[in-house]
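Spelled out, the chains give:
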Amino acid sequence: MRSLRRVLDGVRWYVRELTDESAYDRYVAHVRSGHPDAEVPSRRDFERMRTDRQERDPRQGFRCC
């Protein structure tokens, strides 16, 4: 049972990394460690900032719709 749980955790990690779902978690960790006095934006604000950045710079990614 423990090995099944470890496999499922690994699959979950892989899918989150592949889809960039973990980007917000990494950003929060970065802000808290590097800028402890800064306010951490909400998940919604973070996604808005990320989308705006991608639309300004075509090298950041492609958004079709």
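- With an unreviewed UniProt entry as reference, the protein is termed YbdD/YjiX family protein, source organism Streptomyces muensis.

Observations regarding the pattern of salt bridges
Once the charged atoms of two side chains with opposite charge are near each other, the side chains can pair.
In step 1: Per the counting criterion, the structure on display carries nine salt bridges.
In step 2: The salt bridge involving R26 is made with E17; its shortest N-O contact spans 3.3 Å.
In step 3: For E17, a relative accessible area of 33% translates into the label partly exposed.
In step 4: We note a salt bridge from D20 to R50, for which the minimum N-O separation is 2.8 Å. Of this pair, D20 sits in the loop between helix 1 (2-18) and helix 2 (23-34) while R50 sits in helix 3 (residues 43-56), placing them 30 residues apart in sequence.
In step 5: What makes R50 buried here is its relative accessible area of 15%.
In step 6: Residues joined by salt bridges that share partners form a network here, namely E17, D20, E21, R26, R43, E47 and R50.

Section: unusual backbone geometry
In step 1: One non-glycine residue, D20, lies in the positive phi region at around 65 degrees.
In step 2: Classification of D20 as partly exposed rests on a relative accessible area of 30%.

Brief notes about the packing of helix 2 against helix 3
In step 1: Close contact between helix 2 and helix 3 brings their axes to 11 Å; oriented N to C, the two are set at 100 degrees. When the axis of helix 2 is compared with that of helix 3, the two are roughly perpendicular. In this structure, helix 2 contributes A23, Y24 and Y27 to the contact, and helix 3 contributes R43, F46, M49 and R50.

What counts, and where the lines are drawn
Residues numbered from 1 in each chain as written. Predicted model: local features only at pLDDT ≥ 70, side-chain atom pairs only at ≥ 80, totals over all residues. Heavy atoms only, no water. Salt bridge = Lys/Arg side-chain N within 4 Å of Asp/Glu carboxyl O. Buried < 20%, exposed > 50% of the residue type's maximum accessible area, 1.4 Å probe, protein only. Helix = DSSP H or I, 4+ residues; strand = E, 2+ residues; numbered from the N terminus. Axes fitted to C-alpha atoms, helices over the stretch in contact; angles between N-to-C directions. Parallel < 35°, antiparallel > 145°, perpendicular 65-115°, else oblique. Contact = heavy atoms within 4.5 Å.

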